[in-house]
Amino acid sequence: MQPFVKLEGLTVPLDRANVDTDAIIPKQFLKSIKRSGFGPNAFDEWRYLDHGEPGMDNSRRKLNPDFVLNQPRYQGASILLARENFGCGSSREHAPWALLDYGFRAIIAPSFADIFFNNCFKNGILPIMLDTAEVDQLFNEVQATPGYQLLVDLEQQVVVTPGGQSFPFEVDAFRKHCLLNGLDDIGLTLQKVDLIKAFEAKHKSSQPWLFN
Amino acid sequence: MAKTLYQKLFDSHVVHEENGTALLYIDRHLVHEVTSPQAFEGLKMSARKVWRVSSVLAVPDHNVPTTDRSQGIADPISRLQVETLDNNCAEFGVTEFKMNDARQGIVHVIGPEQGATLPGMTVVCGDSHTSTHGAFGALAHGIGTSEVEHVLATQCLVQKRSKSMQVLVEGKLGCGVTAKDIALAVIGRIGTAGGTGYAIEFAGSAIRSLTMEGRMTLCNMAIEAGARAGMVAVDDITINYIKGRPYAPKPEQWDAAVAYWRTLHSDEGAIFDAVVEVRAEDIQPQVTWGTSPEMVTSIDGRVPDPENESDPVKRGGIERALQYMGLEANTPIIQIRIDKVFIGSCTNSRIEDLRAAAAVAKGKHVAANVKLALVVPGSGLVKAQAEQEGLDRIFKEAGFEWREPGCSMCLAMNADRLEPGERCASTSNRNFEGRQGQGGRTHLVSPEMAAAAAVAGHFVDVRQIA
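Residues numbered from 1 in each chain as written. Chains lettered and ligands numbered in written order. Predicted model: local features only at pLDDT ≥ 70, side-chain atom pairs only at ≥ 80, totals over all residues. Heavy atoms only, no water.

Quick notes on the packing of helix α2 (residues 37-45) of chain B against helix α5 (residues 145-154) of chain B
Residues and elements named next belong to chain B.
Then comes step 1: Following both chains from N to C, one finds α2 and α5 inclined at 50°, their axes separated by 8 Å at the closest point. By the angle between their axes, α2 is oblique relative to α5. For the pair α2 and α5, the sense of crossing is right-handed. Residues Q38, A39, F40, G42 and L43 of α2 form the contact with α5, whose participating residues are T145, V148, E149, L152 and A153.
Then comes step 2: Across the contact of α2 with α5, the residue classes break down as six nonpolar, three polar and one charged. (Axes fitted to C-alpha atoms, helices over the stretch in contact; angles between N-to-C directions. Helix = DSSP H or I, 4+ residues; strand = E, 2+ residues; numbered from the N terminus. Parallel < 35°, antiparallel > 145°, perpendicular 65-115°, else oblique. Left-handed = near helix turned anticlockwise from the far one by under 90°. Contact = heavy atoms within 4.5 Å. Nonpolar A, V, L, I, M, F, W, Y, C, P; charged D, E, K, R; others polar.)

Quick look at the packing of aromatic side chains
Residues and elements named next belong to chain A.
Then comes step 1: Taken as a whole and judged by the stated rule, the model has 17 aromatic pairs over all chains.
Then comes step 2: Note on F86 and F116: the rings are 5.4 Å apart at their centroids and 75° apart in plane angle, and the pair reads as edge-to-face. Linking F86 in the loop between β2 (79-81) and α3 (94-102) with F116 in helix α4 (residues 114-121), this pair joins segments that are 30 residues apart in sequence.
Then comes step 3: Classification of F86 by relative accessible area gives buried; the value is 0%.
Then comes step 4: Judged by its relative accessible area of 2%, F116 is buried.
Then comes step 5: The ring of W46 is capped by R16, whose NZ or CZ atom sits 3.8 Å from the centre of that ring.
Then comes step 6: The residue whose ring lies beneath R83 is F139, and the NZ or CZ to ring-centre distance is 3.9 Å. (Phe/Tyr/Trp six-rings, centres within 6.5 Å; stacked < 30°, edge-to-face > 60°. Buried < 20%, exposed > 50% of the residue type's maximum accessible area, 1.4 Å probe, protein only. Lys NZ or Arg CZ within 6 Å of the ring centre and 35° of its normal.)

Examining the sheet that holds strand β12 (residues 274-279) of chain B
All names here are of chain B.
Then comes step 1: Taken together, four strands build an open sheet; the order of strands is β11-β10-β9-β12 and the sheet is parallel. The sheet terminates laterally at β11 (229-231) and β12, the two strands that pair on one side only. Averaged over all adjacent pairs, the angle separating strand axes in this sheet is 20°, with direction ignored.
Then comes step 2: Relative to β11, strand β10 (residues 198-203) runs parallel, the two sharing three bridges. In the sheet register, A199 faces β11, and the bridge partner there is A229. (Pairing = 2+ DSSP bridges.)

What about the pattern of salt bridges?
All names here are of chain B.
Then comes step 1: Enumeration over the complete set of coordinates arrives at 36 salt bridges over all chains.
Then comes step 2: For K44, the salt bridge goes to E91, with nearest N and O atoms at 3.5 Å. Within this pair, whereas K44 is found in helix α2, its partner E91 is found in helix α3 (residues 76-92), the two being separated by 47 residues in sequence.
Then comes step 3: One continuous salt-bridge network, built from bridges that share partners, spans K3, D11, E17 and R161. (Salt bridge = Lys/Arg side-chain N within 4 Å of Asp/Glu carboxyl O.)

These results come straight from atomic positions and should not be treated as a statement about function.
Laid out in structure tokens, this is it:
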């Protein structure tokens, strides 16, 4: 996993609540058996005017000019500004894979759905929860200011606006450690192999039917 | 100290806990073809093995056709995904019910059906509707593919404790009111993010009266309220359901298992972080009108008017939903005409769901304006049971199509889907934009209400159908 330490990036506002993972990456693209290549189909139904299917040459498809990600001023954005309950619905990790492949490394919203929030950390994306009022302010500023860039500093746990205003955010210490160092969870867990084996033996003796 | 059911289940699986992060032991890992290929690939790349192969049960369900399967899967991309599951299971020694196995079906139907879901277990699957299995007094939730790989490799999951919410439904459900209606009514009340960060325990006399099928429907929809896990305490109904199933405890283990299972309830005086109380008598048959499960009202209600919403983000959401759904504000729900009907999905495809829908459809016929009414059983065994009871004949005589088991039009990864602009009465769980096909319009209802809508050609109060 790519470490996440500090990111200064163009910010794009996606002004709708309850954006679900079906919208982030529609079902027809879930048939892939790979982890990569989902970026061109991120937000496919909102982003293109035609119906997308796997295997299409996306560079030849007609873009929906009204969709915010297609506006010239937001090209190259790496920070996504969103509304409440972002990433709700399906547990598909294809959603963070698509966002990462598109180029997003951080997402700022007032709240996230649990499974999506968790999946982001496994893929080097930092989901940041700020107060609704703070998110409102960022929406106003980004819409009013072409080229609006935010600075996200994970070590210091702050989002800094171009005007120099700092918004602190919370992040779980273990997740922060893994993200800062790009650590693979499985490797860490396997350092506790003796504890797992001991638990398993005890569990098996008390509930043997679980091991039939 | 008095513990909630959630605390008991969590505590009994902690391998290690440090600074609020726990390593949780996983008893059952269910696997399907969509969210597992990258996990198996990860194992191979790191030369890792599956920690405990006997804990894993795999089945293809999302991509499988619901029509004749003797020629295999026509779509080459879907076929590759199912073949990849077959190959991975063979290579790692995982038990799989393949597409043409009589036991194949939707992963959340076959787990309980086989007795592979048991009280007191931790159950995970790379699928958000894993919350279904909490109906058995288990701690069950969906995980992402990285976590699928993690569980395969370590038998554990890195977890933080959730807060606990009790949804208390006291009283007696009215005739024609189902577990699905409880779920939708609760989501309408607390919202799709209302349960975020919580594990929900459903309790109260109305829940105790539900069958296991009803409890599964309810827990299935916990994720639509934002809660990763939903659960119901163990009682006689739970224990009787499990007895005799293939993966149930062996006869010599049975008494000890039952004695333990009977402890799986929240203790008297246990404290929940939140409590939501609903009176069963207040719940009417529900119909969603928008593009989120919280956009729901009763059958006697109307499509809302965005003018009445003061919050600008919510107003924008209602306006966008009405535009997508092709609905006018203030339209009575019973005036909404439908094009298709889908009875199936991990929410409502079990034998009891099919019996309920068949009871409504019996002796009637699908309305002329309904282009397609699909019945997709949750598993091969549900299908066989239904056929033994003659339900397939009732459906077919009424003009419904009787299909092979799978996820089907719940998410339209196979050929079953809505065309742009088509409107569907669906017993599934999500009415998101494009969920059942790009441009498709989904209204979530119970099986009874879906069958009634099929017959009437528009939504209708099932309680008024003789």
